[in-house]
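# A closer look at the structure
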Amino acid sequence: MSPVWILVLLPALAMADSFSDADKNKDSTLTDVEILNYAKQWDADKDGNIVQKEFSKLIKDLLPEYAAYSTAMFKACDSNKDQKLNAVDSAAVLKKIDTNKNGKAEKSEFYVWGSMLAVDALFA
Ligand SMILES: [Ca+2]
Ligand SMILES: [Ca+2]
Ligand SMILES: [Ca+2]
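About the cut-offs
Residues numbered from 1 in each chain as written. Chains lettered and ligands numbered in written order. Predicted model: local features only at pLDDT ≥ 70, side-chain atom pairs only at ≥ 80, totals over all residues. Buried ≥ 20, exposed ≤ 12 C-beta atoms within 10 Å, placed from the backbone. Helix = DSSP H or I, 4+ residues; strand = E, 2+ residues; numbered from the N terminus. Arc of directions from axis to C-beta. Contact = placed C-beta atoms within 7 Å. Axes fitted to C-alpha atoms, helices over the stretch in contact; angles between N-to-C directions. Parallel < 35°, antiparallel > 145°, perpendicular 65-115°, else oblique. Left-handed = near helix turned anticlockwise from the far one by under 90°. Nonpolar A, V, L, I, M, F, W, Y, C, P; charged D, E, K, R; others polar.

Next up on the list: helix H5 (residues 87-97). If you check which residues of H5 are buried, you get Asp 89, Ser 90, Val 93, Leu 94 and Ile 97. Taken around the axis of H5, the buried residues stretch over an arc of 140°, which confines them to a single face. Looking at the packing, one finds that the buried side of H5 touches helix H2 (32-39), helix H4 (70-77), strand E2 (105-106) and helix H6 (107-123).

Now the structure itself:
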């Protein structure tokens, strides 16, 4: 197995914890609201937006192996390119994650998305 693939598989473990923490009503799916509310822990200045600096801290806490890629990951999540992550982006991110189009992110979809994000960041 190449080092790149090991690096890609690593976040799956961290994402399992993140998924459970974010899944407030424990229905084993995430909505865009749950994703956003989870990310809000890192909204240090409580302005409702996660900026790059706050996102870097989030990556450092959740996926320390990926700290070097937090800029690329931020860009991948910032759907409208306004340098802030908020409800607009969590809705857009959910659309990307939600491959079976049921309006929610199942755990398997969440993992696939995490791996894609990691691959994008590695090759950005
Ligand atoms: Ca903020
Ligand atoms: Ca944005
Ligand atoms: Ca789904």
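What follows picks up the thread again.
As a packed pair, H4 and H6 sit with axes 9 Å apart at the nearest point and diverge in direction by 125°. In terms of axis orientation, H4 runs oblique to H6. When you trace H4 past H6, the crossing you get is right-handed. Between H4 and H6, the residues in contact are Ala 72, Met 73 and Ala 76 and Leu 117, Asp 120 and Ala 121, respectively. Taken together, the residues that form the contact of H4 with H6 break down as 5 nonpolar, no polar and 1 charged.

The contact between helix H3 (residues 52-62) and H4 brings their axes to 9 Å, and the two run at 115°. Classified by the interaxial angle, the pair formed by H3 and H4 is roughly perpendicular. Note that H3 runs across H4; the crossing there is right-handed. Every residue of H4 that contacts H3 at Gln 52, Phe 55, Ser 56 and Ile 59 is listed here: Ser 70, Thr 71, Met 73 and Phe 74. Tallied by class, residues from the contact of H3 with H4 come to 4 nonpolar, 4 polar and no charged.

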